[in-house]
Amino acid sequence: MKRHHGVVRITHWINAIALTIMIGSGLRIFNAYPAFARRGETFCCYPFERVPIPANLTFGGWLAGARNWHFAMMWVLVVNGLVYLGFIYLHGEWRDLVPRRGIFRDALEMVRFYLNQRKDHPRQGKHNALQRLAYFSMPIVGIVAVVTGIAIWKPVELSPLTTLLGGYVWARYWHFLAMVALVALTIGHVFMVFTVDPYSLQSMITGGYREDLSPEARNARPFVHLLPNPKPES
Amino acid sequence: MSGHRDSHRAERLGIDRRRFLEASAGAAGALFLAACDSMGPKSAAKLLKFAEAKNETLERVLLRHSSMDVPRAGAKAAGGSFPSYFVSRHVPVWDETARGAWRLEVGGMVKAPLSLSLTDLAALPRIGYKLDHFCVEGWTAVATRTGVRLREIAKLAGVDPAAKYVDFQSFDDDYHESWDVESAMHPQTLIVYAQDGHYLNAAWGAPARVYSPTKLGYKNTKYLTRIMFMPVRNGGYWSDRGYEWYGGV
C-alpha cells in the first residue's frame, strides 16, 4: 500500500539535503567566532566557548563560502517547508502527526517496550507515539530555527524581532540550540529507521509499504526482530 | 500454500535488492558528506550569486532610515576588548612627513568637492551614539561612536542625486568598500573620529573611519582617506573576495 504521498517524499528528501547544507555551513559560520559573549562580556550558558567545531563537520570551506551557501539554501529550506506544511494541512496528513490525548502515556509505553519493560509492541496507527512527537516537533523546531535565523540576519532592520528574542546574543544562542535539537531529532530518526524499521526507507522513496513488515507486526525493538517474521508453519 | 510462500520469498528478494540500492544511495550521501569543509560544487557558484542578488533586493527593501540600532539595555561597552583589525602588515599610521597633514577628500559626483582636516570634521555638527557593531564573524561589541553624520557631509558637498553608490577608500593598503547611497544616508551612518570619548587610536582606524550599524563590520572602512560618490558600484576589499557586497544588518 502507499504510505507517503509523492509531495511528502519529495519534500522529505529536499529537506534532508537543505538541512544538511544549512547545518554544515552554519557550523562553519559559527567557527568564525565559536562563542556567544559580546566583546568584553561573558556568556552564562555555553560551556565550549572558543572550541571550534571539527572542520570536517562543516561546509563551505571558509566564512564567505559558508555564508553564501547559508543565505541561498535558506530559501530552499523555507519554501520546501511551506510546501510540506501546506500540503499536509490541505491533504489531511497532519492528523497522523498532531499529538492526541494520552500521547505522553503512549510514548512512555513505547519507551518501556524499547527498554524491554514490556513484551508486546503497543498498538499504533501509521506512527507510534514517539514518532508522532518527533515528527510534530521537527517542523516546530524548524520554524524556531528560521525565525531566530532571521533575527540574527537583520538585527537592526528587524530589531523588534531580535529584541523579542532577547537581543542579538540570545537570538544567536536560540538559533544554535534549534540546530542542536534538529541534529538530535535527526540522529534519533535515522537510528530508529535503520535499527527498527529499515523497510520504511522504501516508503519514503517509492511510497510503498508492507504492513506485514511493520515494527508492530515484527514486534521490533532496536536491533531486535529486524528480519521479517517467518510465517509459522501451520 | 507453498506457491504463496514462494512469491512471498521473491518479494522479499525484491526488497533486498531495493535495500541494496538504498544502501548504495546512502553510501553516496556519505561520500558527499566526506567532501565537507569544501566550497561545494563549482557549478553552484552561479546559483549562489543569483541568491545573493535576490537577497540584496530584499535587504534594500528592508532598509529603513527610521530603523535605528539601540544596544540592549545593560550591554557593557567593549572598551579595550574591542578588536583591532586592518589588512596591512602593521598598524596603518598616517605618515605626516611623507604625505602632509591627513585630510578627508569628498569627491566624485558632487557640486563642491571637500577636503576636510580633522579640525574641520570636529567643527561639523557632532553626534554620538552608543552602537552595536556586528562583525561578519558573528561577534558583537558595543562602543560609543562620535563623529559627523555622512548625510551632513553629503549636503555640504552637494551630492548629485544620480550618485547611487559611495566608495569609502583608505590608507590601509588597498582597503576600500563601496555602498549603496541609501545606507550611507542613514542617520546612524557616521564619519567617526572618536570612540568611547577619545579620538580614535591607530588600532581602531585613526584619524577617521566610517561606521554604521546598518552594515557588517567589514563594510565600514577604517583609516579613511576619501569618500567618492559614484554612478556605479565599485566592489570592495572583502566583497571582491567573496563576501556579500551589500553586507546589510
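In this text the structure is predicted, and so the values were computed from the model without any measurement.

Conventions we followed
- Position labels on residues start from 1 in each chain and follow its written sequence.
- Just so you know, chain letters begin at A and ligand numbers begin at 1, following the order they were written in.
- Per-residue local features of the predicted model are confined to residues with pLDDT of at least 70, and side-chain atom pairs are confined, for both listing and counting, to 80 or more; whole-chain, interface and lining totals are unaffected and use all residues.
- Secondary structure counts use DSSP, requiring at least four H or I residues in a row for a helix and at least two E residues in a row for a strand, with both numbered from the N terminus.
- Between the buried cut of 20 or more and the exposed cut of 12 or fewer other C-beta atoms within 10 Å of a residue's own C-beta lies the partly exposed class, and all C-beta atoms are placed from the backbone.
- In this description, a residue-residue contact is defined by the distance between C-beta atoms placed from the backbone, which must lie within 7 Å.
- For every residue, the predictor assigns a confidence score, pLDDT, that lies between 0 and 100.
- For this classification, Asp, Glu, Lys and Arg are treated as charged, while Ala, Val, Leu, Ile, Met, Phe, Trp, Tyr, Cys and Pro are nonpolar and the rest, including Gly, are polar.
- Strand pairing is assigned whenever DSSP identifies at least 2 bridges connecting the two strands.
- In this scheme, a helix's expected span is set at 1.5 Å multiplied by one less than its residue total.
- Fitting a line to C-alpha atoms yields each axis, with helices limited to the stretch in contact; the angle taken between N-to-C directions then spans 0 to 180 degrees.

Asks: How should I be thinking about the overall build of chain B in this particular structure?
Replies: Helix and strand counts for chain B come out as six helices and ten strands. Out of the 249 residues belonging to chain B, those deemed buried represent 36%. Partitioning the intrachain contacts of chain B with sequence separation of at least 6 by distance along the chain shows that 72% fall at a separation of at least 24.

Asks: Looking at this structure, how should I read the confidence of the model for chain B?
Replies: Regions with low pLDDT should not have their predicted coordinates read in detail. All names here are of chain B. In this model, chain B carries an average pLDDT of 90, and 85% of its residues clear a pLDDT of 70 or more. Across residues 1-15, confidence stays below pLDDT 50; counting only partners more than four residues off in sequence or on other chains, it has two contacts. At the level of chain-chain contacts, confidence expressed as ipTM amounts to 0.91, with global pTM at 0.90.

Asks: What's the story with the interface of chain B and chain A in this structure? I'm lost.
Replies: Of the residues lining the interface, 45 residues belong to chain B; the matching set on chain A comes to 40 residues. Of all the secondary structure elements, the ones that give two or more residues to the side of chain B that touches chain A are helix H1 (2-34), helix H2 (45-62), strand S3 (127-134) and strand S4 (140-149) of chain B. Across the side of chain B that touches chain A, the residue classes tally to 21 nonpolar, ten polar and 14 charged.

Asks: Looking at this model, I keep getting lost on the environment of B:Pro83. Mind explaining?
Replies: Residues and elements named next belong to chain B. Checked against the element boundaries, proline 83 lands in the loop between H2 and helix H3 (96-99). The partly exposed category is assigned to proline 83, around which 14 C-beta atoms lie within 10 Å. Along the backbone, proline 83 and tryptophan 245 are 162 residues apart, and their C-alpha atoms lie at a distance of 22 Å.

Asks: Where do I start with the pairing of S3(B) in this structure?
Replies: All names here are of chain B. One ladder, built from eight bridges, connects S3 with S4; its direction is antiparallel. In the sheet register, isoleucine 127 faces S4, and the bridge partner there is glycine 147. In sequence, S3 turns back onto S4 through a hairpin of five residues, with glycine 138 there showing a positive phi of about 110°.

Asks: Even after reading the chapter, I still don't get the pairing of strand S5 (residues 165-170) of chain B, so can you show me in this structure?
Replies: Side-chain positions along a regular strand alternate between the two faces of the sheet. Residue and element names in this part refer to chain B. With five of six residues buried, S5 is to be regarded as a mostly interior element. Two strands pair when backbone bridges link them, and S5 and strand S6 (residues 176-180) are joined in this way by five bridges, in the antiparallel orientation. Note on S6: the bridge partner recorded for tyrosine 165 is aspartate 180. What sits between S5 and S6 in their antiparallel hairpin is a turn of five residues, with aspartate 173 showing a positive phi close to 50°. Looking at chain direction, S5 and strand S10 (residues 224-230) are connected through six bridges and run antiparallel. Note that in S10 the partner of valine 166 across the bridge is phenylalanine 229.

Asks: Explain helix H6 (residues 168-195) of chain A here, please?
Replies: Since the α-helix packs 3.6 residues into each turn, any two residues three or four apart lie on the same face. For H6(A), which comprises 28 residues, the first-to-last C-alpha distance of 40 Å matches the rise-based estimate of 40 Å (1.5 Å per residue) to within 8%. Taken together, the buried positions of H6(A) are A:Tyr168, A:Val169, A:Ala171, A:Arg172, A:Tyr173, A:His175, A:Ala178 and A:Met179.

Asks: Would you mind going over the sheet that holds S10(B) with me for this structure?
Replies: Pairing between the strands of a sheet comes from backbone hydrogen bonds, and it takes one of two forms, parallel or antiparallel. Residue and element names in this part refer to chain B. Across the sheet, five strands lie side by side as S2-S1-S10-S5-S6; this open sheet has mixed pairing. The outermost strands of the open sheet, each flanked by one partner alone, are strand S2 (114-116) and S6. Ignoring strand direction, the axes of neighbouring strands in this sheet form an average angle of 15°. Across three bridges, the pairing between strand S1 (residues 104-108) and S2 is antiparallel. By the bridge assignment, valine 106 is partnered in S2 with leucine 114.

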